[in-house]
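Residues per chain are reported as follows:
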Number of protein chains: 2
Amino acid sequence: MAEKETEINDLGEFGLIDRLTKDFPIKNEETKLGIGDDAAVLTFGEKDVVVTTDLLLEGIHFDLRYVPLEHLGYKSAIVNFSDIYAMNATPRQITVSLGVSSRFTVEHLDRLYSGIRRACEIYGVDLVGGDTSASVTGLVISITCIGDVEKGQEVRRSGAKPTDIICVSGDLGAAFMGLQLLERENSVAAGQKDFQPDFSGKEYILERQLKPEARRDVVAMLREKGIKPTSMIDVSDGLSSELLHICKESNVGCRVYEDKIPIDYQTALMAEEFNMNLVTAAMNGGEDYELLFTVPLSEHEKVEKLEGIKMIGYVTAPDLGAALVARDGSEIPIRAQGWNAFNSGN
Amino acid sequence: MAEKETEINDLGEFGLIDRLTKDFPIKNEETKLGIGDDAAVLTFGEKDVVVTTDLLLEGIHFDLRYVPLEHLGYKSAIVNFSDIYAMNATPRQITVSLGVSSRFTVEHLDRLYSGIRRACEIYGVDLVGGDTSASVTGLVISITCIGDVEKGQEVRRSGAKPTDIICVSGDLGAAFMGLQLLERENSVAAGQKDFQPDFSGKEYILERQLKPEARRDVVAMLREKGIKPTSMIDVSDGLSSELLHICKESNVGCRVYEDKIPIDYQTALMAEEFNMNLVTAAMNGGEDYELLFTVPLSEHEKVEKLEGIKMIGYVTAPDLGAALVARDGSEIPIRAQGWNAFNSGN
């Protein structure tokens, strides 16, 4: 802790909240009353309201040895926005609760909040509440995001029908390979003074891990083209896990083609360097925050023309189960091997 | 950990969520879609939406050596409902996020959730989402509560006017004295096998600490009598702290009479036993979850007749500051000495 940094106790809880939240001007007319009362007051008229929440714990979801606090703040907000977009809705407000141990200074929290602020600015979201407390060990970040959607326009996980086309935005596996790279460099760096990892040519996978974006643009594009998905989910735990969620909630099966899964060049190179199976990384890596959705077969021509959207398979009757079709035509049952906080946390 | 208890890893994250949330039937027509998608979908028509959030951390906000998990779950929900009532609104939905270290079993979480479920049943609130994760140490509970209120009917902290009467429901300081008692018995018990503390005659202060209620009845009574407070806040950090919030947000001062502050007999006895200043306990103890509110002077006669409501002082011009008027007529400036998680957490 540098000499000139400010201890949180010097400000007290309310002083700290005032300092952290003062540069968050209200941007949405849906926000009537923000921070500073028992609760925020929001107004949505005839629209429906969507709500999601995420809990991020130090040592489980992030490692501050290689994640800058600004990026952590940004990502903490983004993962919630992503859930709101996955409902075909628009994020409007967030609440941010922090638990902070004594090794953190006010300046640390300033940096965390600068990332949250940046995400809120870019995505047009208001900070409307939260709770800030000491913690015994480590940093706890709990964010709840509220959004709105025109009545009847939300897209659930449960609407996929047999013969629907399965689509995914962007590419998969990059965030996972970025994490592998960061963990390797961190362990190489351990104990070495002035160690400078060389990340050139790996910027994309690092950015995918450290500073992901929510696919607001994809939701807007689908709306503009008049395409309403029958089901949608964001890829946070990994493609396998998300496919199984859609299959379960929609009571359907699916076939996804290995050779259709979009993978970036840097992801492929990194997987080779680590001697990892590339398809496994793309199927189970997680943290891509891309949108996985289904559309009726009749939308085939429209979807084909969409930039940055890949058609990766189709929905089947439930008794056919969920399977990956390998390059040789063989079918491999899809199992959830996505990121599991209970396995990694032990 | 007893032999027959279930490890959380045996269920996995999604299995655990399914188990914990299965006995929460949806009670409100405002809840269109609950748990099981990227976000919940709520519908409020022309009403406004209110949102509050609370983060509870083991070792800071609760001590599992003397707080039963059922009570902890109940209280975690109640503290959020209380914030919603303090806006003159009705709680409708909560999301519950948990971080759980490996010393907790599924049965532990069942007990925690049974308390949350009981609170939701009694107050008519739906569980609509959450996040469950491993934690490195201890239990983390983050709850967000959403409510609704007729447009223009919310009561903020900022509406108090000079000459308004200051009122408080119930009595104060009991939860604080209950905590003192629990902490004393716990330290006496340390190392003693089969130690049985004698809590007879102290049930009220223990219940106030372990199983508080939110004052839904007070909000309903005020509405029934046609009294709309000019400002309102719930007493979570202590009367001093809450009075200062109202003074700051409303830009007013206040005078509160020491001899008007409602204090229960058990609270007084316990303070004497601990040789503590009773008024300090009532002013700064916190966790009472009573409602502190102001009404116009013209409502004096109506308020006087309300059962369980005490008029404790009046609102002044801002330059007079906030003061407690002692029994001898002297004025003691009110300072926030309420519960501060940053001081107690170090």
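Thresholds applied
Residues numbered from 1 in each chain as written. Chains lettered and ligands numbered in written order. Predicted model: local features only at pLDDT ≥ 70, side-chain atom pairs only at ≥ 80, totals over all residues. Heavy atoms only, no water. Buried < 20%, exposed > 50% of the residue type's maximum accessible area, 1.4 Å probe, protein only. Helix = DSSP H or I, 4+ residues; strand = E, 2+ residues; numbered from the N terminus. Pairing = 2+ DSSP bridges. Axes fitted to C-alpha atoms, helices over the stretch in contact; angles between N-to-C directions. Contact = heavy atoms within 4.5 Å. Least-squares fit on C-alpha atoms with pLDDT ≥ 70 in both. Expected span 1.5 Å × (residues − 1). Salt bridge = Lys/Arg side-chain N within 4 Å of Asp/Glu carboxyl O. Buried area = accessible area lost by both parts, 1.4 Å probe. Polar contact = N/O pair within 3.5 Å; in protein donor to acceptor, adjacent residues only side chain to side chain. Nonpolar A, V, L, I, M, F, W, Y, C, P; charged D, E, K, R; others polar. pLDDT = per-residue confidence, 0-100. Parallel < 35°, antiparallel > 145°, perpendicular 65-115°, else oblique. Left-handed = near helix turned anticlockwise from the far one by under 90°.

## Examining unusual backbone geometry
Residue and element names in this part refer to chain B. For N251, which is not glycine, the phi torsion reads 55 degrees and is therefore positive. Assessed through its relative accessible area of 54%, N251 is described here as exposed. You will see that E287, though not glycine, has its phi angle at about 65 degrees, which is positive. Take E287: it is sitting in the loop between helix 9 (278-284) and strand 10 (291-295). Given the relative accessible area of 17%, E287 is considered buried.

## Describing the sheet that holds strand 7 (residues 165-169) of chain B
Residues and elements named next belong to chain B. Spatially, the seven strands line up as an open sheet ordered 8-10-7-11-9-12-13, and their pairing is mixed. The open sheet has two free edges, formed respectively by strand 8 (231-234) and strand 13 (331-333), since each of these has just one partner strand. With direction set aside, neighbouring strand axes in the sheet form an average angle of 25 degrees. Examined bridge by bridge, strand 9 (residues 253-257) and strand 11 (residues 309-316) share four bridges and lie antiparallel to one another. Directly across from C254, in strand 11, lies its bridge partner V315. Contacts from helix 6 (residues 216-224) reach strand 7, strand 10 and strand 11, with the element oriented near 20 degrees to strand 10. Sheet contacts for helix 7 (residues 239-250): strand 7, strand 8, strand 9, strand 10, strand 11 and strand 12 (322-325); angle to strand 8, the most-contacted strand, approximately 150 degrees.

## So, the environment of I166(B)
In this structure, I166(B) sits in strand 7. The sequence separation of I166(B) and L243(B) amounts to 77 residues, and the corresponding C-alpha distance is 9.2 Å.

## Description of the relation of the copies chain B and chain A
Screw-axis analysis of chain B against chain A gives a translation of 0.0 Å along the axis, an RMSD of 0.0 Å, and a rotation angle of 180 degrees. Here the two chains are linked by the operation of a two-fold rotation axis. Take the interface residues of chain B: 100% of them recur as interface residues in chain A, which is what a same-surface contact looks like.

## Thoughts on helix 7 of chain B
For helix 7 of chain B, built from 12 residues, the straight-helix expectation of 16 Å at 1.5 Å per residue is met to within 8% by its first-to-last C-alpha distance of 16 Å. For helix 7 of chain B, the tally of buried residues reaches nine of 12 residues, placing the bulk of the element in the interior.

## Observations concerning the pattern of salt bridges
Two side chains bearing opposite charge may form a pair once their charged atoms approach each other closely. Taken as a whole and assessed by the stated rule, the structure comprises 52 salt bridges over all chains. Among the charged side chains, a salt-bridge network with shared partners connects K32(A), D48(B), K151(B), E154(B) and R156(B).

## Side note on the interface of chain B and chain A
Each partner contributes residues to the interface: chain B has 74 residues there, and chain A has 74 residues. Counting the surface lost from both chain B and chain A, the interface buries some 5700 Å², and carbon and sulfur atoms represent 53% of this. Across the contact surface, chain B and chain A share 10 salt bridges. Here D18(B) and K248(A) are joined by a salt bridge, their closest N and O atoms 3.5 Å apart. Scanning the region where chain B abuts chain A turns up 26 residue pairs in polar contact (both at pLDDT 80 or more). The dominant element in the side of chain B that touches chain A, judged by the number of residues it contributes, is strand 3 (residues 48-57) of chain B, at nine residues. Grouping the amino acids of the side of chain B that touches chain A by side-chain chemistry returns 28 nonpolar, 27 polar and 19 charged. As defined by bridge partners, strand 3 (residues 48-57) of chain A adjoins strand 2 (residues 40-43) of chain B across four bridges and the pair is classed as antiparallel. Each residue of the ladder has a partner; that of V50(A), found in strand 2 of chain B, is V41(B).

## As for the pairing of strand 6 (residues 140-149) of chain A
Moving residue by residue along a regular strand, the side chains alternate between the two faces of the sheet. Residue and element names in this part refer to chain A. Most of strand 6 sits inside the fold, with 10 of its 10 residues counted as buried. Here 10 bridges tie strand 3 to strand 6, and the two strands are oriented antiparallel to one another. Among the inter-strand pairings, L57 is bridged to a residue of strand 6, identified as V140. Looking at chain direction, strand 4 (residues 90-100) and strand 6 are connected through nine bridges and run antiparallel. Bridging from a neighbouring strand, I94 pairs with C145 of strand 6.

## Quick look at the confidence of the model for chain A
Per-residue pLDDT for chain A averages 92, and the proportion of residues at 70 or more is 96%. Complex prediction metrics read pTM 0.93 and ipTM 0.91.

## Observations regarding the packing of helix 4 (residues 174-189) of chain B against helix 8 (residues 265-273) of chain B
Residues and elements named next belong to chain B. The interhelical angle for the contact between helix 4 and helix 8, taken along N-to-C directions, is 45 degrees, at an axis separation of 9 Å. Between helix 4 and helix 8, the angle is such that the two are oblique. Between helix 4 and helix 8 the crossing geometry is left-handed. On helix 8, the residues that touch A174, M177, L181 and R184 of helix 4 are T267, M270, A271 and E273.

## Quick notes on the packing of helix 1 (residues 8-21) of chain A against helix 3 (residues 106-123) of chain A
Residues and elements named next belong to chain A. Across the interface, helix 1 lies against helix 3 with an axial gap of 11 Å and an inter-helix angle of 15 degrees. The angle between helix 1 and helix 3 places the two elements in the roughly parallel class. The handedness of the crossing between helix 1 and helix 3 is right-handed. Contacts between helix 1 and helix 3 pair I8, L11, L16, R19, L20 and T21 from the former with V106, E107, L109, D110, Y113 and R117 from the latter. Looking at the contact of helix 1 with helix 3 residue by residue, the class counts come to seven nonpolar, one polar and four charged.

## Notes on the pairing of strand 2 of chain B
Residues and elements named next belong to chain B. Across the two faces of strand 2 the burial is the same, with A40 and L42 and V41 and T43 all buried. Where strand 1 (residues 31-33) and strand 2 come together, two bridges link them in antiparallel fashion. Its bridge partner being in strand 2, T31 is matched across the sheet by L42. Here strand 1 hands over to strand 2 after six residues, with G36 in that stretch at a positive phi of 120 degrees.

## Some points on the side chain of E258(B)
Mapped onto the elements of the fold, E258(B) is located in the loop between strand 9 and helix 8. With sequence-adjacent residues up to four places away left out, E258(B) is seen in contact with V279(B), L324(B), V325(B), A326(B) and R327(B).

## Points about the sheet that holds strand 2 (residues 40-43) of chain A
Spatially, the six strands line up as an open sheet ordered 1(A)-2(A)-3(B)-6(B)-4(B)-5(B), and their pairing is mixed. Here the strands that pair on one side only, and so sit at the sheet edges, are strand 1 (31-33) of chain A together with strand 5 (126-134) of chain B. When the angles between neighbouring strand axes are averaged without regard to direction, this sheet yields 20 degrees. Along the sheet face, helix 3 (residues 106-123) of chain B touches strand 4 (90-100), strand 5 and strand 6 (140-149) of chain B and points at about 175 degrees away from the line of strand 4 of chain B.

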